[in-house]
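# Tertiary structure, described
Chain residues, written in single-letter form:
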Amino acid sequence: KNQVEQSPQSLIILEGKNCTLQCNYTVSPFSNLRWYKQDTGRGPVSLTIMTFSENTKSNGRYTATLDADTKQSSLHITASQLSDSASYICVVSIYNTNAGKSTFGDGTTLTVKP
Amino acid sequence: EAGVAQSPRYKIIEKRQSVAFWCNPISGHATLYWYQQILGQGPKLLIQFQNNGVVDDSQLPKDRFSAERLKGVDSTLKIQPAKLEDSAVYLCASSLESSEAFFGQGTRLTVV
């Protein structure tokens, strides 16, 4: 069964600190992995997308890593800001399909405090 | 570029009543999705359209949920009759074929 497990479930950090969110998956055959940011009351917005051959990808203060051998991904947030408070969702898609055949994790809720 | 539009933003109904949600995707996006997101969980796909045809509705509770996209543009999702466990955010998303899905703000449904 295709599954995506995220940890931790929730995280509280102080503004300016760094943090790392984890995503483990059993989805096969793997096509790509996306990290989404979902602000409260909003729809998810894509931060990064990574394919099998990519190990790391950055988007500003967000850096995603992928280890396709161990089926693990992480999202590192540098110098956190209050606006980073949101849910971060890991989504893994199977080969040659679009988001409709994707498996969503339950997300990590990040709270950044001043 | 206008994003995915959904309405209403919020809806409160009593159990056994019916409710309908509307979605207007990004112009030119052939693929449209409806997701159900229960509090604390990730979105779960209910139905996927390609133009006006259904690609995947395997997780749609067809005894009470229905969706249509008659002209291949906007779409409606209906629940009849609603149950307490249908309380969730209903997200609509659209994409070009095999590309990133863009989500609307969602409709928060509360069934009391």
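Bear in mind the structure is a predicted one, so any value in this text is a computation, not a measurement. (Residues numbered from 1 in each chain as written. Chains lettered and ligands numbered in written order. Predicted model: local features only at pLDDT ≥ 70, side-chain atom pairs only at ≥ 80, totals over all residues. Heavy atoms only, no water.)

The subject of this paragraph is the interface of chain A and chain B. Facing the 16 residues of chain A at the interface are 20 residues of chain B. When chain A packs against chain B, the two sides together hide about 1500 Å² of surface, and 47% of this comes from carbon and sulfur. At the boundary of chain A and chain B, one finds one salt bridge. Salt-bridge contacts for Glu100(B) lead to Arg34(A); the nearest nitrogen and oxygen are separated by 4.0 Å. Remark: the boundary between chain A and chain B carries five residue pairs in polar contact (both at pLDDT 80 or more). Examining the composition of the side of chain A that touches chain B, we find that three residues originate from one element, strand E4 (residues 30-38) of chain A, more than from any other. Considering only residue class, the side of chain A that touches chain B consists of five nonpolar, seven polar and four charged. (Contact = heavy atoms within 4.5 Å. Buried area = accessible area lost by both parts, 1.4 Å probe. Salt bridge = Lys/Arg side-chain N within 4 Å of Asp/Glu carboxyl O. Polar contact = N/O pair within 3.5 Å; in protein donor to acceptor, adjacent residues only side chain to side chain. Helix = DSSP H or I, 4+ residues; strand = E, 2+ residues; numbered from the N terminus. Nonpolar A, V, L, I, M, F, W, Y, C, P; charged D, E, K, R; others polar.)

Okay, the sheet that holds strand E7 (residues 65-68) of chain B next. Residue and element names in this part refer to chain B. If you trace the four strands from one edge of the open sheet to the other, you get E1-E3-E8-E7, paired in antiparallel fashion. Looking along the sheet, the strands with just one partner apiece sit at the ends: strand E1 (5-7) and E7. Within this sheet the neighbouring strands show an average axis-to-axis angle of 15 degrees, counted without direction. Pairing of E1 with strand E3 (residues 19-24), which is carried by three bridges, proceeds in the antiparallel orientation. Paired with Ala5 across the two strands is Asn24, which belongs to E3. (Pairing = 2+ DSSP bridges. Axes fitted to C-alpha atoms, helices over the stretch in contact; angles between N-to-C directions.)

Attention now goes to the packing of aromatic side chains. Tallied over the entire structure, the rule returns eight aromatic pairs over all chains. Taken together, a centroid distance of 5.3 Å and an interplanar angle of 25 degrees make the contact between Tyr25(A) and Phe30(A) stacked. Relative to Phe103(B), the ring of Tyr36(A) has its centre 5.7 Å away and its plane inclined at 90 degrees; by these criteria the two rings are edge-to-face. Here Tyr36(A), found in strand E4, pairs with Phe103(B), found in strand E10 (residues 102-103), and the two come from separate chains. The ring of Tyr62(A) carries the charged tip of Arg61(A) above its face, separated from the ring centre by 5.7 Å. (Phe/Tyr/Trp six-rings, centres within 6.5 Å; stacked < 30°, edge-to-face > 60°. Lys NZ or Arg CZ within 6 Å of the ring centre and 35° of its normal.)

Now for the layout of surface pockets. Roughly 670 Å³ of internal volume is contained in the largest pocket. Those elements that provide at least two residues to the lining of the largest pocket are strand E1 (4-7), strand E9 (86-94) and strand E11 (108-113) of chain A together with strand E9 (88-95) and strand E11 (107-111) of chain B. For the lining of the largest pocket, the element with the highest residue contribution is E11(B), accounting for four residues. Of the residues in the lining of the largest pocket, the class split is ten nonpolar, 16 polar and six charged. Computed from the structure, the second largest pocket encloses a volume of approximately 490 Å³. Around the second largest pocket, the lining comprises 21 residues; the ones closest to its centre are Ser102(A), Thr103(A), Phe104(A), Lys44(B) and Gln59(B). Broken down by secondary-structure element, the contributors of at least two residues to the lining of the second largest pocket are E1 and strand E10 (102-104) of chain A together with strand E5 (44-50) of chain B. (1 Å grid on protein atoms, 1.4 Å probe; cavity = no way out; pocket = protein on both sides within 12 Å on 5 of 7 lines; lining within 4 Å. Points joined across faces, edges and corners; volume = space filled by probe spheres on them.)

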